[in-house]
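Take a look at the letters that make up each chain.
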Amino acid sequence: MTALSPHLRQATPVVAARGEGVHLYGEDGRRYLDFTAGIGVTSTGHCHPKVVAAAQEQVGTLIHGQYTTVMHEPLRRLVDKLGEVLPAGLDSLFFTNSGSEAVEAALRLARQATGRPNVLVCHGGFHGRTVAAASMTTSGVRFRSGFSPLMSGVVVTPFPTPFRYGWDEETATRFALKELDYTLQTISSPDDTAAIIVEPVLGEGGYVPANRAFIEGLRERADRHGFLLIFDEVQTGVGRTGRFWGHDHFGVTPDILVTAKGLASGFPLSGIAASEELMAKAWPGSQGGTYGANAVACAAACATLDVVRDEQLVENAEAMGKRLRHGLEAVADRTPGIGDVRGLGLMLATEFVTEDGSPDPETAARVQRAAIDEGLLLLLCGAWNQVVRMIPALVIDEAGVDEGLQAWANAVEAGTSGVADR
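This write-up is about the structure you can find in this document. (Residues numbered from 1 in each chain as written. Predicted model: local features only at pLDDT ≥ 70, side-chain atom pairs only at ≥ 80, totals over all residues. Heavy atoms only, no water.)

1. Thoughts on the overall build of the protein chain
For step 1, the next point in the chain: Helix and strand counts for the protein chain stand at 13 helices and 15 strands.
For step 2, the next point in the chain: Rg of the C-alpha trace for the protein chain: 21 Å, near the compact-globule value of 22 Å for 422 residues, within the 12% margin.
For step 3, the next point in the chain: Overall, the C-alpha framework of the protein chain stretches about 60 × 55 × 50 Å when taken along its three principal axes.
For step 4, the next point in the chain: Sorting the 422 residues of the protein chain into buried and exposed places 56% on the buried side.
For step 5, the next point in the chain: Counting only contacts in the protein chain whose residues sit at least 6 apart along the sequence, the fraction spanning at least 24 positions is 72%.
For step 6, the next point in the chain: Computed over 35 positive and 50 negative side-chain charges, the inter-centroid distance for the protein chain is 3 Å. (Helix = DSSP H or I, 4+ residues; strand = E, 2+ residues; numbered from the N terminus. Rg over C-alpha atoms; globule rule 2.2 N^0.38 Å. Buried < 20%, exposed > 50% of the residue type's maximum accessible area, 1.4 Å probe, protein only. Contact = heavy atoms within 4.5 Å. Lys, Arg positive; Asp, Glu negative; His and termini not counted. Charge placed at Lys NZ, Arg CZ, Asp CG, Glu CD.)

So, in structure tokens, the structure goes:
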């Protein structure tokens, strides 16, 4: 008798039968408010009618047009539509299937374009599970342990995480940039450094936002030393943070942008964007793949971008994110075990701590399980899984936010009751 790997354990006991908007329905008919969005993937909600229609129409005409063999219309349309939202100058695109693959494509391009071997990564970043991407991931040992040796040439530098350090944002940022300078002086010479890759908001690392001073500092050092700045926007892109791209909060343009997750509302599609001049420095044969830019996924992505624009979902993410954060902070104010509430837009998190300020994954897990009983689906993150994150679809409205906050308040009360007496 065959079965799934025992390590493919679901974060909830729900067996999903169907999805609609911000809700999932179990096989038993129970409705759940989905604040996971497939880990930030179903940006336009479950089964948005326009995305469904685009995919259905495409399935009936061309499912797979292998893009290094033939060109197809959905891909051409997607390139044009992305040109409307990408930063100025990032006018050349390469598509693949997953975030990990796109990250590795960005790394390969950076190394080939610069002729340099090393890549700097920020401590706490998550970039994927394939070998190179896992080698660049430092958000938790579970993503990188047990299959060494990992890829060489990866150098870790601090990310400004005020809560973890116990500092204010300015102090944490000054420290991170000084340590980056020290790293370039002691471990990876600028002449050996191809790029630095950073998430505008740490994902698996605990939903910690970067800030303008830090990102500007990275841009200045990349320009001064001649290496590339890569933004991993796999989770923060396509409106998630209340801006179309997460880095839009900081006024800095990368040399390479990585996108995936919310780009196609659940269909597997990822890509990188760079200037035509930079992309041309990739070596012949270094970009390709059997399933990349699948015609159905591209059609779904085109529909997704139309919905994001027409329904003003970026603006909605900003407004609903403020409403959600206000409610989360109100719960935190009356809960001693909550150490921090943080995030941008509809990418928000609550960190649980013990009385002495240490990470408290046990309470976080209890609250997450209690939320399921309240009909609210949530995920954990952070190095100890001490952080509960909320990433609802960008279509959520005030009623959905308020319903989620009431369920959250009930779950926190249930999950923290008696904790102080342990």
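So that's the structure; there's more coming.
2. Considering the pairing of strand S8 (residues 228-232)
For step 1, the next point in the chain: Along S8, 5 of the 5 residues are buried, which leaves the element largely enclosed by surrounding structure.
For step 2, the next point in the chain: Every second residue of S8 is oriented toward a common face, with Leu-228, Ile-230 and Asp-232 on one face and Leu-229 and Phe-231 on the other, all of them buried.
For step 3, the next point in the chain: Relative to S8, strand S7 (residues 193-198) is paired through 4 bridges, and the arrangement is parallel. Note that in S8 the partner of Val-198 across the bridge is Phe-231.
For step 4, the next point in the chain: Traced from S7 through helix H8 (residues 212-225) to S8, the parallel crossover comes out right-handed.
For step 5, the next point in the chain: Summarising the sheet, S8 and strand S9 (residues 256-259) pair through 3 bridges and their orientation is parallel. Bridge pairing in S9 links Ile-230 to Ile-256. (Pairing = 2+ DSSP bridges. Right-handed = clockwise from strand over helix to strand, strands pointing away.)

3. Examining the layout of surface pockets
For step 1, the next point in the chain: In this structure, the largest pocket spans a volume of roughly 1600 Å³.
For step 2, the next point in the chain: Lining the largest pocket we find 42 residues, and of these Ile-39, Arg-129, Glu-204, Leu-379 and Arg-389 sit closest to its centre.
For step 3, the next point in the chain: Elements that contribute at least two residues to the lining of the largest pocket include exactly helix H1 (37-40), helix H4 (99-114) and strand S14 (379-381).
For step 4, the next point in the chain: Its residues assigned to classes, the lining of the largest pocket shows 17 nonpolar, 16 polar and 9 charged. (1 Å grid on protein atoms, 1.4 Å probe; cavity = no way out; pocket = protein on both sides within 12 Å on 5 of 7 lines; lining within 4 Å. Points joined across faces, edges and corners; volume = space filled by probe spheres on them. Nonpolar A, V, L, I, M, F, W, Y, C, P; charged D, E, K, R; others polar.)

4. Observations concerning the side chain of Ser-286
For step 1, the next point in the chain: Mapped onto the secondary structure, Ser-286 falls in the loop between helix H9 (276-279) and helix H10 (295-310).
For step 2, the next point in the chain: Looking at Ser-286, the relative accessible area reads 14%, which means it is buried.
For step 3, the next point in the chain: With residues near it in sequence (within four places) discarded, Ser-286 still touches Arg-108 and Gln-112.

5. Side note on the sheet that holds strand S13 (residues 376-377)
For step 1, the next point in the chain: One open sheet holds the 4 strands; their spatial order is S1-S2-S3-S13, and the pairing between them is mixed. The open sheet has two edge strands, strand S1 (16-20) and S13, and neither has a second partner.
For step 2, the next point in the chain: Pairing analysis gives 2 bridges linking strand S3 (residues 31-34) to S13, with the strands arranged parallel. Bridged to Leu-33 within S13 is Leu-376.
For step 3, the next point in the chain: Relative to the sheet, helix H13 (residues 398-416) contacts strand S2 (23-26), S3 and S13, its axis offset from that of S3 by approximately 100 degrees. (Axes fitted to C-alpha atoms, helices over the stretch in contact; angles between N-to-C directions.)

6. Digging into the nonpolar core
For step 1, the next point in the chain: By size, the foremost hydrophobic cluster in this structure holds 85 residues, and its most contacted members are Leu-78, Ile-256, Leu-269, Ile-272, Leu-324 and Trp-408.
For step 2, the next point in the chain: Leu-180, Leu-184, Tyr-207 and Val-252 belong to the second-largest nonpolar core, a separate cluster that totals 30 residues. (Core = buried A, V, L, I, M, F, W, Y, C linked by side-chain atoms within 4.5 Å.)

7. Examining the packing of helix H12 (residues 361-373) against H13
For step 1, the next point in the chain: As a packed pair, H12 and H13 sit with axes 8 Å apart at the nearest point and diverge in direction by 135 degrees. Classified by the angle between their axes, H12 and H13 sit oblique to one another. The way H12 lies across H13 gives a crossing that is right-handed. Here Thr-363, Arg-366, Val-367, Ala-370 and Ala-371 of H12 lie close against H13, whose contacting residues are Trp-408, Ala-411, Val-412, Ala-414, Gly-415 and Thr-416.
For step 2, the next point in the chain: Counted by class, the contact of H12 with H13 contains 7 nonpolar, 3 polar and 1 charged residues. (Parallel < 35°, antiparallel > 145°, perpendicular 65-115°, else oblique. Left-handed = near helix turned anticlockwise from the far one by under 90°.)

8. Quick look at empty space enclosed by the protein
For step 1, the next point in the chain: Going through the model one piece at a time under the given rule, you end up with 1 cavity of 30 Å³ or more.
For step 2, the next point in the chain: Counted as a void, the largest cavity has a volume near 40 Å³.
For step 3, the next point in the chain: Lining the largest cavity, in full, are Gly-40, Ser-43, Gln-235, Gly-237, Val-238, Arg-240, Gly-262 and Leu-394.
For step 4, the next point in the chain: Considered class by class, the residues forming the lining of the largest cavity number 2 nonpolar, 5 polar and 1 charged.

9. Topic: the pattern of salt bridges
For step 1, the next point in the chain: Taken as a whole and assessed by the stated rule, the structure comprises 22 salt bridges.
For step 2, the next point in the chain: One salt bridge in this structure joins Arg-323 and Glu-398, with 3.7 Å as the shortest N-O distance. Highlighted residues: Arg-323 in helix H11 (residues 313-333) and Glu-398 in helix H13, separated in sequence by 75 residues.
For step 3, the next point in the chain: When its relative accessible area of 32% is taken as the criterion, Arg-323 is described as partly exposed.
For step 4, the next point in the chain: A relative accessible area of 43% means that Glu-398 is categorised as partly exposed.
For step 5, the next point in the chain: In the salt-bridge network here, residues are joined through shared partners; they are Lys-81, Asp-306, Arg-309 and Asp-310. (Salt bridge = Lys/Arg side-chain N within 4 Å of Asp/Glu carboxyl O.)

10. Some thoughts on the packing of helix H3 (residues 73-83) against H10
For step 1, the next point in the chain: Relative orientation of the contacting elements H3 and H10 amounts to 30 degrees, with a least axis distance of 8 Å. The hand of the H3/H10 crossing is left-handed. Touching Pro-74, Leu-75, Arg-77, Leu-78, Lys-81 and Leu-82 of H3 are Ala-295, Cys-298, Ala-299, Ala-301, Cys-302, Leu-305, Asp-306 and Arg-309, all from H10.
For step 2, the next point in the chain: Partitioning the contact of H3 with H10 into residue classes produces 10 nonpolar, no polar and 4 charged.

11. Notes on helix H7 (residues 169-186)
For step 1, the next point in the chain: Its 18 residues give H7 an end-to-end C-alpha distance of 25 Å, which sits within 8% of 26 Å, the value for a rise of 1.5 Å per residue.
For step 2, the next point in the chain: Listing the buried residues of H7 in full gives Ala-172, Thr-173, Ala-176, Leu-177, Leu-180, Thr-183 and Leu-184. Each buried residue of H7 lies within a common arc of 130 degrees when the element is viewed along its axis, so the set occupies one face. Away from its buried face by more than 90 degrees, H7 exposes Glu-170, Lys-178, Tyr-182 and Gln-185.
For step 3, the next point in the chain: Against strand S5 (118-122), strand S6 (154-157), helix H6 (162-165), S7 and H8 lie the buried residues of H7. (Expected span 1.5 Å × (residues − 1). Arc of directions from axis to C-beta.)

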